[in-house]
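So you can see what is in the structure, the chains are spelled out below.
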Amino acid sequence: MSTIGFIGLGQMGSPMALNLIKGGHTLKVFDINEEAVQHLVAQGAAAASSPADAAIDSEFVVTMLPNGTLVKNVIFGENGVASTLDKNALLIDMSTIHPLETDSLAKEMTAKGFSMMEAPVGRTSEHAVKGELLIMAGGTKEQIERAQPLFDCMGSETVDCGGVGKGIRVKIINNYMSIALNALSAEAATLTEAIGLEWETAMKVMSGTPAGKGHFTTTWPGKVLAGDLSPVFMVDLAHKDLGIALDLANQVNVPMPCGAASRELYSMTRAAGRGRQDWTAVLEHLRVTSGLEPKIQ
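Residues numbered from 1 in each chain as written. Predicted model: local features only at pLDDT ≥ 70, side-chain atom pairs only at ≥ 80, totals over all residues. Heavy atoms only, no water.

Colleague: I tried to follow the sheet that holds strand E1 (residues 3-7) on my own but got confused; where do I start?
Modeller: In a beta sheet, neighbouring strands are held together by backbone hydrogen bonds and run either parallel or antiparallel to one another. Strands sit in the order E3-E2-E1-E4-E5-E6 across an open sheet of six strands; the sheet is parallel. Two strands bound the open sheet, and with one partner strand each, they are strand E3 (46-47) and strand E6 (115-118). Here strand E4 (residues 60-63) pairs with strand E5 (residues 90-93) via four bridges, running parallel. Following the sheet pairing, Val61 is matched in E5 by Leu91. Against the sheet, helix H1 (residues 13-22) touches E1 and strand E2 (26-30), its axis set at about 170° to E1. (Pairing = 2+ DSSP bridges. Helix = DSSP H or I, 4+ residues; strand = E, 2+ residues; numbered from the N terminus. Contact = heavy atoms within 4.5 Å. Axes fitted to C-alpha atoms, helices over the stretch in contact; angles between N-to-C directions.)

Structure, rendered in structure tokens:
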């Protein structure tokens, strides 16, 4: 088992640290919240007086903090981790911060002769308590293999995202999609109620279509990602149906900002001459518009 300095004992960090203790690891913990520290001490951890203290004699240092500024200060600030970290130790940042901040921190750590990877987590605080988090590991194969016993205590699945900086990028994309979809789903649910539909009926229908299942695993693999834009459901028809839904929402005074923004993308795709292509062509249009190489000629 390993000696770990754990910094950041918030809603996610505290149960993650506790699961490491339950897994037999030796922890020295630090947080500005003394109550959170004492909770872990009561479970067998040692209290650190500073990030630097948490790093002394630690084989691993885990940071789980609210933002990139705090991560940088904890690592490189006064009494920071870098002042006492052994060159053979591995720092694992499990925070959700800006990917460019992760890149900068990793570059500076490497320049100073330290080893760093990132491993942000997916799922909820309930999964953190149960040790069932999704670990999005951004590091070398060797770093991930070395950290895997820790990840196994905190999560039920580890995804190798392909290198340092890739884990946080996947996390941000995942959160972007989940958060935006929450807003779009709220529009659909509100319209459902406003036009007098039963929620159970709508849920039954949409749970069996791309509306509920998502396009990553339903429409895209067999069409746009396979290089096939022959229409199963044309962009023109999708644009028409979206317009009907938006007009209906307007009639019953339901704001639909996400739907309105989506119609703009379909309008742009039609204007590019893709109206009679499959509706998954919005992906290819957006890719090309963004300067990426066309996948479909």
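Colleague: Honestly, the pairing of E2 in this entry has me stumped. Any pointers?
Modeller: Along a regular strand, successive side chains alternate from one face of the sheet to the other. Sheet topology places E1 next to E2; five bridges connect them, and they run parallel. Within E2, the position partnered with Thr3 by the bridge is Thr26. Running through H1, the crossover from E1 to the neighbouring parallel element E2 is right-handed. Sheet topology note: the E2/E3 ladder contains two bridges and is parallel. Note that in E3 the partner of Val29 across the bridge is Ala47. Between the parallel pair E2 and E3, the chain is carried across by helix H2 (residues 34-41), and the sense of this crossover is right-handed. (Right-handed = clockwise from strand over helix to strand, strands pointing away.)

Colleague: Any chance you could explain the nonpolar core here in plain terms?
Modeller: Generally speaking, a soluble globular protein has its nonpolar side chains buried in company with each other. Among the nonpolar cores identified, the biggest contains 34 residues, and Phe6, Met16, Leu27, Ile92, Met94 and Phe151 are the most heavily contacted of them. Looking at this core, the elements that each hand over two or more residues are E1, H1, E2, H2, E4, E5, strand E8 (133-137) and helix H7 (141-154). Leave out the neighbours within four places in its chain, and Phe151 touches Ile92, Met94, Met117, Ala119, Ile135, Ala137, Ile144 and Thr158. (Core = buried A, V, L, I, M, F, W, Y, C linked by side-chain atoms within 4.5 Å. Buried < 20%, exposed > 50% of the residue type's maximum accessible area, 1.4 Å probe, protein only.)

Colleague: Would you mind showing me how to read H2 here?
Modeller: One full turn of an α-helix is made of 3.6 residues, so residues set three or four places apart face in the same direction. Of the positions making up H2, those classed as buried are Ala36, Val37 and Leu40. Along H2, the residues classed as buried sweep out an arc of 100° about the axis, all on the same side. Buried residues along H2 sit in contact with H1, E2 and E3. At the N-terminal boundary of H2, the capping side chain belongs to Asn33, with an oxygen 3.0 Å from the backbone nitrogen of Glu35. (Arc of directions from axis to C-beta. Polar contact = N/O pair within 3.5 Å; in protein donor to acceptor, adjacent residues only side chain to side chain.)

Colleague: Where do I start with the packing of H1 against H7 in this structure?
Modeller: When two helices pack together, their arrangement is given by the angle between the helix axes and the distance between those axes. At a minimum axis distance of 8 Å, the contact between H1 and H7 shows a crossing angle of 115°. In terms of orientation, H1 lies roughly perpendicular with respect to H7. Regarding H1 and H7, the two cross each other, and that crossing is right-handed. Within the contact between the two elements, H1 uses Met16, Asn19 and Leu20 and H7 uses Leu150, Cys153 and Met154. Here the residues of the contact of H1 with H7 are counted per class, giving five nonpolar, one polar and no charged. (Parallel < 35°, antiparallel > 145°, perpendicular 65-115°, else oblique. Left-handed = near helix turned anticlockwise from the far one by under 90°. Nonpolar A, V, L, I, M, F, W, Y, C, P; charged D, E, K, R; others polar.)

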